[in-house]
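Examining the three-dimensional arrangement
Spelled out from the first residue to the last, the chains are:
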Amino acid sequence: MSEPRIGRPDTEGRLPGVGERLYAGIPAYTGQAVVVYGDAEDSPDSEVVFYEREGSVWYEAGRWWGHNGRAGWTTDHHEGDLRTPVGVFTLTDAGGVLDYPRSGLPYDHNTLSYRVPKGWGEKHRNDFDHVIAIDYNRIPGTPPSDPTRPEGQKKGGGIWMHLDHGDGTSGCVTLPEDGLDYLLHALDPERRPVVVMGDRENLES
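Residues numbered from 1 in each chain as written. Predicted model: local features only at pLDDT ≥ 70, side-chain atom pairs only at ≥ 80, totals over all residues. Heavy atoms only, no water.

So, about the environment of Asn 68. Inspection of the secondary structure puts Asn 68 in the loop between strand E4 (57-67) and strand E5 (72-74). Along the chain, Asn 68 and Tyr 51 lie 17 residues apart, while their C-alpha atoms are 19 Å from each other. Every residue in contact with Asn 68, bar those within four places of it in the chain, is listed here: Gly 38, Ser 43, Pro 44, Asp 45, Ser 46, Trp 73, Thr 84, Gly 168, Thr 169 and Cys 172. Among the polar contacts made by the side chain of Asn 68, one reaches the side chain of Ser 46 at a distance of 3.4 Å. (Helix = DSSP H or I, 4+ residues; strand = E, 2+ residues; numbered from the N terminus. Contact = heavy atoms within 4.5 Å. Polar contact = N/O pair within 3.5 Å; in protein donor to acceptor, adjacent residues only side chain to side chain.)

Shown next as structure tokens:
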């Protein structure tokens, strides 16, 4: 993990690397943003940066290496495409196999709902110890494990931030343990946090 450069402002008062199209999708009242910078459209590698806003200026508060979908990114996500959806999404709920009393977001502790399928192998054993739901095709304010898909099953769902296992995912975003712990504690519902995510070219467009 790179050392967080806390208090380092972006001199333009904008989120670095985020163009007008996606920046316009960030609500004016949002005070926290997690930006996932994918290396390339077809790459599973990404960098996750946490920003907090004071007035019109965003300050970087944390930075970690992570992963996204094994096949990269898409602006038209569908179930099973192994790509992570590009866009701006709210972050309202968390949960996991293990309890997390320090969570800033509402937290659903459930040992069954977040259990990793046995066929996934040993390296995935702790993937869902803690998760943060990304509000893509889900109902905000419900547990991350809620299977409801407002736009239908074909549009996919269950897109979470969870523990990194060293390579790409089925569509989720992963972080190392220290990064996930930091975000779980830091994300504050009163600051209406969002995630802005995509490959760098799409982010900048």
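What follows covers the layout of surface pockets. Its volume calculated, the largest pocket comes out at about 510 Å³. Lining the largest pocket are 27 residues, and of these Trp 120, Phe 128, Gly 158, Ser 170 and Cys 172 lie nearest its centre. Its residues assigned to classes, the lining of the largest pocket comprises 7 nonpolar, 15 polar and 5 charged. (1 Å grid on protein atoms, 1.4 Å probe; cavity = no way out; pocket = protein on both sides within 12 Å on 5 of 7 lines; lining within 4 Å. Points joined across faces, edges and corners; volume = space filled by probe spheres on them. Nonpolar A, V, L, I, M, F, W, Y, C, P; charged D, E, K, R; others polar.)

Turning to the pattern of salt bridges, a few remarks are in order. Counting across every chain of the model gives 11 salt bridges. With a shortest N-O distance of 2.6 Å, Lys 123 and Asp 167 are connected by a salt bridge. Here Asp 167 lies in the loop between strand E11 (160-163) and strand E12 (173-175) and Lys 123 lies in the loop between strand E9 (107-109) and strand E10 (131-133), a separation of 44 residues in the sequence. Salt bridges here are not isolated pairs; linked through shared partners, they connect Glu 47, Glu 60, Arg 63 and Arg 200. (Salt bridge = Lys/Arg side-chain N within 4 Å of Asp/Glu carboxyl O.)

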